[in-house]
Amino acid sequence: MALLTIQNLSLGYDSHTILEDLNFVVNKGDYLCIVGENGSGKTTLVKTLLHLQEPLKGQILIDDGLKKNEIGYLPQQTIVQKDFPASVKEIVLSGCQGQCGLRPFYNKEEKALAEKNMERMGISALKSSCYRELSGGQQQRVLLARALCATRKLLLLDEPVSGLDPKVTSEMYELIAQLNQEGITIIMISHDIAAALRYADHILHIGDTVFFGTKEEYIESDAGKFFLAQQKGGDI
Amino acid sequence: MLDKLGMYLSYPFVRYALVVGILIALCSSLLGVTLVLKRFSFIGDGLSHVAFGAMAIAAVLNITNNMVIILPITIISAILLLRTGQNAKIKGDAAIAMISVGALAFGYLLMNIFSTSSNLSGDVCSTLFGSTSILTLTKKEVWLCIALSVAVIIIFFLFYNKIFAVTFDESFSRVTGIKAGSYNLMIAIIIAVIIVLAMNLVGSLLISALVIFPALSAMRLFRSFKKVTIFSAILSVVCAFSGMIISILAGTPVGSTIVAVDVFAFAICYIAGMIKGGMLK
C-alpha cells in the first residue's frame with residue numbers, strides 16, 4: 001500500500017486555482033523530486049500535503065501506518081529565524097513536540113532522540129552554539145535534525161539547498177540520499193533538475209504540463225526534454 | 001538615606017507597590033522575547049492605548065473597579081490584532097497603528113467631554129505615565145494583580161516549550177500537530193493581561209518599554225532561548241526594583257524612572273555584547 005496517494009487534487013488560494021487534477025503516488029522508500037518553474041505551485045503543493053492549507057478539491061490519502069503528525073518537514077527559512085537566539089539543542093528538541101501532546105516538558109527518550117539525530121547530522125559538537133551564528137549549511141543540518149525528530153518515515157524538504165554554496169549543496173544532497181537509503185521516504189522540492197535526476201527515483205513536474213513517473217520515464221518525456229533543454233540553456 | 005527608605009518601607013502601600021511592581025516586571029519580561037522575535041514589539045504599545053481608551057470609558061461610566069471593563073476590551077483587541085496578522089486586508093503594523101491612535105484619541109475625547117474631575121490633565125497624565133497609581137492600589141487590586149501575575153508565570157512555565165516551538169517556526173509546529181492558532185491566541189490573551197497589569201506600574205505609554213527592553217538587552221548577551229528568557233526576567237525585576245527604590249528616594253515618577261533604568265541597562269548590555277562579540281572573533 002502506498003504511503004501517500006494523491007487523487008484529483010486541485011490547489012490554490014481562495015478561488016484562484018494554481019494546479020488542477022493532480023494524481024500521484026508515493027511509496028515507502030521512494031525519493032520523489034517535485035520540479036517546476038517558479039510560481040508553478042511547488043510550495044503550495046507541499047503546504048497542502050502537510051495540511052497547512054486545505055485543498056480546493058480532491059484527496060490526500062495517507063496510509064501504511066503513517067500518522068498525520070509523523071511527517072518531518074524542512075521549511076524554507078523565515079526572516080524571524082535569522083536572528084533568533086536559540087541553541088542548536090533547543091531547536092532540534094522542538095522537533096519532538098509532536099510526541100509531547102499536552103505534556104509540558106520533554107522526557108528522556110525525546111532527549112535521547114534529539115542527541116541521536118544531532119549525531120546523525122554531524123552537529124553534536126555545535127549543540128550549545130547559537131543558531132544564528134551558524135553557516136547556512138549548518139543551519140540546514142539543524143533543521144534537518146529537527147525534522148528527523150518528528151518522523152521516522154517521511155521527510156518533506158522545501159528547497160533544502162537554496163542559498164548554499166556548491167560544496168555544501170552536494171554534501172546536503174549526499175546526506176539526504178543517505179537518509180533515503182536508511183529507509184526514509186523523501187519528497188523534495190527543487191529547481192535544480194540535474195540534482196533531481198541524479199538522486200531521485202521519481203519526478204513530479206508541475207507547471208503548464210504535468211508529469212509524474214520514474215526519472216527514466218521523465219528523461220524520455222516531452223516535459224522532461226523541454227525542461228532539461230531549458231535549464232541547460234539558462235543556468236550554465 | 002537608609003532611614004528614609006526604612007520609613008517608606010514601613011508603610012504597607014509602599015510594600016504592596018514593590019511586590020506588585022516586581023511581579024508585573026517579571027511577567028512582562030517573560031513574553032517580551034516572544035514578542036520581539038515574532039516582530040510584535042509594537043503590539044504592546046497598541047494594546048496599551050486600547051487599555052487607555054477602555055479606562056476612559058470606565059471613568060465616564062463611573063465604574064470604580066475599572067478592571068472589569070479594561071481587561072475584556074484589551075483581551076478582545078489583542079485577539080483581533082494577532083488574528084488579523086495572518087490574513088488580513090490591513091496588515092499587522094498598520095492595524096496596530098490604526099487601533100492604537102484611534103483608541104488614544106477616543107479615550108482623551110471621552111475624558112474631556114464627560115469628565116467630572118477638576119484636574120483633567122492630571123488624570124490623563126497619570127493614566128499615560130502611571131505616576132502614582134501603583135501607590136494607590138487598594139488591597140483588592142493588589143491581590144488581583146498578584147493572582148493574575150502568578151497565573152501568567154505558571155502558564156508560561158507550563159507551555160514554555162510550546163511557546164518556543166511556535167515562536168521559532170510556526171509552520172513546522174503546525175505540521176507536528178501543535179495547535180499553533182490556539183497558542184497564538186493564548187499569547188495574545190497573556191499579553192493583554194500583562195498590559196492591563198503594567199498600566200498600574202508604568203502607565204499606558206511606557207508599557208512597551210517594560211516588555212521589550214529586558215528581552216532586547218538579554219538578546220545582546222545570550223545565545224539560547226532559555227538563557228535569554230531567564231536573564232530578561234532577572235534583569236526586568238532588578239530594573240523595576242531599583243527603579244522603584246530610586247523613585248521613592250529621589251521623588252521621581254515611578255514609571256519613567258523604571259523605564260530609564262531599563263534603557264540604561266540596555267546600553268550596558270549592548271556595550272557588553274559588543275565586547276563579548278569582539279573577544280569571540
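### Description of the domain arrangement of chain A
All names here are of chain A. Under the domain assignment, chain A is made up of domain 1 (1-70 + 154-236) and domain 2 (78-150). Relative to domain 2, the C-alpha centre of domain 1 lies at a distance of 25 Å. Facing the eight residues of domain 1 at the interface are five residues of domain 2.

### Describing the sheet that holds strand β2 (residues 16-26) of chain A
Residue and element names in this part refer to chain A. As summarised here, the arrangement of the three strands in space is β2-β1-β4, forming an open sheet in which the pairing is antiparallel. The open sheet has two edge strands, β2 and β4 (57-62), and neither has a second partner. For this sheet, the mean inter-axis angle between neighbouring strands, taken without regard to orientation, is 25°. Set on the sheet, helix α1 (residues 42-49) makes contact with β1 (4-13), β2 and β4; between it and β1 the angle comes to about 120°.

### Quick look at unusual backbone geometry
Residue and element names in this part refer to chain A. Despite not being glycine, N8 has its phi angle at roughly 45°, a positive value. Tracing the backbone through its elements, the reader meets N8 in strand β1. Judged by the 12 C-beta atoms lying within 10 Å of it, N8 is exposed. One non-glycine residue, D21, lies in the positive phi region at around 50°. Structurally, the position occupied by D21 is in strand β2. The exposed category is assigned to D21, around which 11 C-beta atoms lie within 10 Å.

### Points about the confidence of the model for chain A
For chain A, per-residue confidence averages 83 on the pLDDT scale, and residues scoring 70 or more make up 94% of the total. At the level of individual helices and strands, chain A shows its lowest average pLDDT in helix α10 (residues 222-235) of chain A, which scores 66, and its highest in helix α3 (residues 88-93) of chain A, which scores 91.

### Describing the nonpolar core
By size, the foremost hydrophobic cluster in this structure holds 161 residues, and its most contacted members are A:L156 and B:I191. Looking at this core element by element, the count peaks at 15 residues for helix α10 (residues 180-202) of chain B. Residue contributions to this core reach at least three from each of two domains, namely domain 1 (1-70 + 154-236) and domain 2 (78-150) of chain A. Every residue in contact with A:L156, bar those within four places of it in the chain, is listed here: A:V46, A:L49, A:L50, A:I71, A:G72, A:Y73, A:L74 and A:I187.

### Points about helix α5 (residues 108-120) of chain A
Residue and element names in this part refer to chain A. A rise of 1.5 Å per residue sets the reference length of α5, with its 13 residues, at 18 Å; its end C-alpha atoms lie 18 Å apart and thus fit the reference within 8%. Within the sequence span of α5, burial applies to L113, A114, N117 and M118. Down the axis of α5, the buried set is contained in an arc of 135°. They therefore lie on one face. Residues of α5 that are exposed and point more than 90 degrees away from the buried face comprise K108, E109 and A112. Along its buried surface, α5 packs onto α3 and α6 (136-150). Just downstream of α5, G122 is the residue with a positive phi angle, here 65°.

### Topic: the sheet that holds strand β6 (residues 154-158) of chain A
Residues and elements named next belong to chain A. Spatially, six strands are ordered β5-β6-β7-β3-β8-β9 in an open sheet, and the strand pairing comes out mixed. Edge positions in the sheet fall to β5 (71-74) and β9 (211-214), since each has one partner strand and no second. Taken over all neighbouring pairs, the strand axes of this sheet differ in orientation by 15° on average, direction set aside. Contacts from α1 reach β3 (31-35), β6 and β7 (185-189), with the element oriented near 150° to β6. The strands that α6 touches are β5 and β6; relative to β5, the one it contacts most, it runs at about 165°.

### A short note on the packing of helix α2 (residues 12-37) of chain B against α10(B)
Residues and elements named next belong to chain B. Contact geometry for α2 and α10: axes closest at 9 Å, N-to-C directions at 145°. Considering only the axes of α2 and α10, their crossing is left-handed. Two secondary-structure elements touch here, α2 through G21, I24, C27, S28, L31 and T34 and α10 through I187, I190, I191, I194, L197, A198 and L201. The residue makeup of the contact of α2 with α10, split by class, is ten nonpolar, three polar and no charged.

### Quick notes on the environment of B:A272
All names here are of chain B. Positionally, A272 belongs in helix α13 (residues 254-280). A tally of 13 C-beta atoms within 10 Å means that A272 is categorised as partly exposed. Along the chain, A272 and S217 lie 55 residues apart, while their C-alpha atoms are 9.9 Å from each other.

Rules behind the numbers
Here the residue index of a chain counts from 1 through its sequence in written order. To label them, take the chains in the order written and letter them from A, then take the ligands in the order written and number them from 1. Thresholds applied to this predicted model are a pLDDT of at least 70 for local features of residues and 80 or more for the giving and counting of side-chain atom pairs; totals over whole chains, interfaces and linings are not thresholded and use all residues. Boundary definitions for the domains trace back to an automatic or database domain assignment. With C-beta atoms placed from the backbone, a contact is any residue pair whose C-beta atoms sit within 7 Å. By definition, two strands form a pair when at least two bridges between them are found by DSSP. Helix numbering and strand numbering both begin at the N terminus, where a helix is a DSSP run of H or I of at least 4 residues and a strand a DSSP run of E of at least 2. Angles run from 0 to 180 degrees between N-to-C directions of axes, and those axes are lines fitted to C-alpha atoms, restricted for helices to the stretch in contact. Exposed residues have 12 or fewer other C-beta atoms within 10 Å of their own C-beta, buried residues have 20 or more, and partly exposed residues fall in between, where C-beta atoms are placed from the backbone. For every residue, the predictor reports its confidence as pLDDT, a number between 0 and 100. By convention in this section, buried Ala, Val, Leu, Ile, Met, Phe, Trp, Tyr and Cys residues joined through C-beta atoms within 7 Å make up a nonpolar core. Expected helix span is taken as 1.5 Å per residue step, with the number of steps being one fewer than the number of residues. Working definition: the arc comes from the directions between the helix axis and the C-beta atoms, pointing outward to the latter. Should the near helix be turned anticlockwise from the far one by less than a right angle, the crossing is left-handed, and should it be turned clockwise, the crossing is right-handed. We call Asp, Glu, Lys and Arg charged. Ala, Val, Leu, Ile, Met, Phe, Trp, Tyr, Cys and Pro are nonpolar, and the rest, Gly among them, are polar.

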